[in-house]
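Spelled out from the first residue to the last, the chains are:
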Amino acid sequence: MKKLDFIIIAVLLVCAGGLYFSGFLRPGDEGAYAVVYVDGEEVKRYDLSQNTEDTITGINGTNQIKVQDGEISVVSADCRDQVCVNHLPINRENESIVCLPHKVVIEIENGGKNSIDAVVK
Amino acid sequence: MAKKTAYYGIFAALAILMGYVEAVIPMPVPIPGIKIGLSNIVVVLCMYVMGTKEAFYISIVRVVISALLFRGFVGLWYSLSGAFLSYGAMLAVHRLKDASIIGVSVTGGVFHNIGQIIVACIILGRNVVLYLIPILMVSGVAAGFAIGLVSKYCLNYLEKKRE
Ligand SMILES: [Zn+2]
């Protein structure tokens, strides 16, 4: 093994590490959006790449949502259990936030893993 | 000339064998058709035993035949682009005097994987799979290193036989 071999291996590994930790290639905000359903019907969808705040009118109350940094979360709601508010922000395919009292469901579509799953299926 | 033809035959046969082994080994990524690149060993060896031009022919033969035998059409595009990219990169390193067969092989392994991912992106129409590149680069280095070591021993053996 020659010196340049070590250099090549080191450079390649450093590049891999750099790409990995920079998050440059990370998926998540490309084409992903959050779909809001009230009582089973789609009422609105939000592009996760665009930061925004909005109010969703559910059954018997409202939920304040926030889209930021490719994630959506419920910031406040006037429901009794506050489960939706306490839920962590979501950004991946198949993740959802549910507000049972208001019959509100927020689901991610086209999120991070989606197209790979689609191919494997 | 006859000797050359015999070499071509041996390398092609080896390539097909490796293609089969490869088709059986699962990859740590959730994309079908992406392979570890073991058959690169044939191209690496060929580059040193026969020459760079011959290695190019072998790399195409290997891709087409193993695609016909063990994979489908999609697999063919993955591996063709992987083969071209890795061949080009290996050729560049091969020309450097301070690099050995191991450096060539590692480079080939990494670029083989990058080529496959690029095609996967094109086929899927989205670049979500790009995040697999770092993982595949590391696995490419590992596979390339192993292949380089084996190739080196083969080469030493071949050279002893020739004397
Ligand atoms: Zn709630």
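Please refer to the structure placed before this passage.
Residues numbered from 1 in each chain as written. Chains lettered and ligands numbered in written order. Predicted model: local features only at pLDDT ≥ 70, side-chain atom pairs only at ≥ 80, totals over all residues. Heavy atoms only, no water.

J.: I keep staring at the overall build of chain A and nothing clicks. Help me out?
T.: When you go through chain A residue by residue, the secondary structure sums to 3 helices and 7 strands. Counting from the amino terminus, helix and strand elements in chain A follow one another as α-β-β-β-β-β-α-β-β-α. In chain A, once contacts between residues fewer than 6 apart in sequence are set aside, the share between residues at least 24 apart is 32%. When the accessible surface of chain A is summed, it comes to about 7,000 Å², and 52% of that surface belongs to carbon and sulfur atoms. (Helix = DSSP H or I, 4+ residues; strand = E, 2+ residues; numbered from the N terminus. Contact = heavy atoms within 4.5 Å. Areas by Shrake-Rupley, 256 points an atom, 1.4 Å probe, with all protein chains shown as cover.)

J.: Whenever I open this one, the coordination of the zinc ion confuses me. Can you help?
T.: Residue and element names in this part refer to chain A. Protein coordination at the zinc ion: the donors are C79 (SG), C84 (SG) and C99 (SG), at 2.2 to 2.3 Å from the metal. In primary sequence terms, the donor set of the zinc ion follows C-x4-C-x14-C. Taken as a pair, C84 in helix α2 (residues 83-86) and C99 in strand β6 (residues 96-99) lie far apart in primary sequence, 15 residues in all. Since its relative accessible area comes to 1%, C84 is described here as buried. Residue class for C99 comes out buried when judged on its relative accessible area of 2%. (Donors = N, O, S within 2.8 Å, 3.2 Å for Na, K, Ca; no water. Buried < 20%, exposed > 50% of the residue type's maximum accessible area, 1.4 Å probe, protein only.)

J.: Can you walk me through the environment of G58 of chain A in this structure?
T.: Residue and element names in this part refer to chain A. The topology assignment puts G58 in strand β3 (residues 52-58). Accessibility expressed as a relative area gives 14% for G58, which makes it buried. Measuring from C-alpha to C-alpha, the distance between G58 and D39 comes to 7.8 Å, with 19 residues separating the pair along the chain. Not counting residues within four places of it along the chain, the set of residues in contact with G58 comprises V38, H102 and V104.

J.: Before we go on, may I ask you to explain the pattern of salt bridges in this structure?
T.: Pairs may arise between side chains of opposite charge once their charged atoms sit close together. All names here are of chain A. Here the structure, examined in full by the defined rule, presents 5 salt bridges over all chains. The shortest N-O distance in the salt bridge between E42 and R45 comes to 2.7 Å. Given a relative accessible area of 41%, E42 falls into the partly exposed group. For R45, a relative accessible area of 37% translates into the label partly exposed. A salt bridge links D54 to K44; the shortest N-O distance between them is 2.8 Å. (Salt bridge = Lys/Arg side-chain N within 4 Å of Asp/Glu carboxyl O.)

J.: Just to check I follow, could you spell out the side chain of R62 of chain B for this structure?
T.: Here R62 of chain B is to be found in helix α3 (residues 52-70). Taking relative accessible area as the criterion, R62 of chain B reaches 2% and is therefore assigned buried.

J.: Sorry if this is basic, but what is going on with the nonpolar core here?
T.: Side chains of nonpolar character tend, in soluble globular proteins, to be buried together. Among the nonpolar cores identified, the biggest contains 39 residues, and L12 of chain A together with F11, V42, M47, I58 and M137 of chain B are the most heavily contacted of them. Elements with a minimum of two residues in this core: α1 (3-22) of chain A together with α1 (2-24), α2 (40-49), α3, α4 (73-95), α5 (101-124) and α6 (133-162) of chain B. With 8 residues, the top contributor of residues to this core is α2 of chain B. Beyond its immediate chain neighbours, meaning those up to four positions away, M47 of chain B contacts T52, A55, Y87, M90, L91, H94 and V104 of chain B. Within the second largest apolar cluster, 20 residues are counted, among which are I72, A77, V104 and I108 of chain A. (Core = buried A, V, L, I, M, F, W, Y, C linked by side-chain atoms within 4.5 Å.)

J.: Is there a simple way to think about the pairing of β3 of chain A in this case?
T.: The two faces of the sheet receive side chains in turn, since in a regular strand these alternate between them. Two strands pair when backbone bridges link them, and β3 of chain A and strand β4 (residues 61-68) of chain A are joined in this way by 7 bridges, in the antiparallel orientation. In the sheet register, I56 of chain A faces β4 of chain A, and the bridge partner there is N63 of chain A. (Pairing = 2+ DSSP bridges.)

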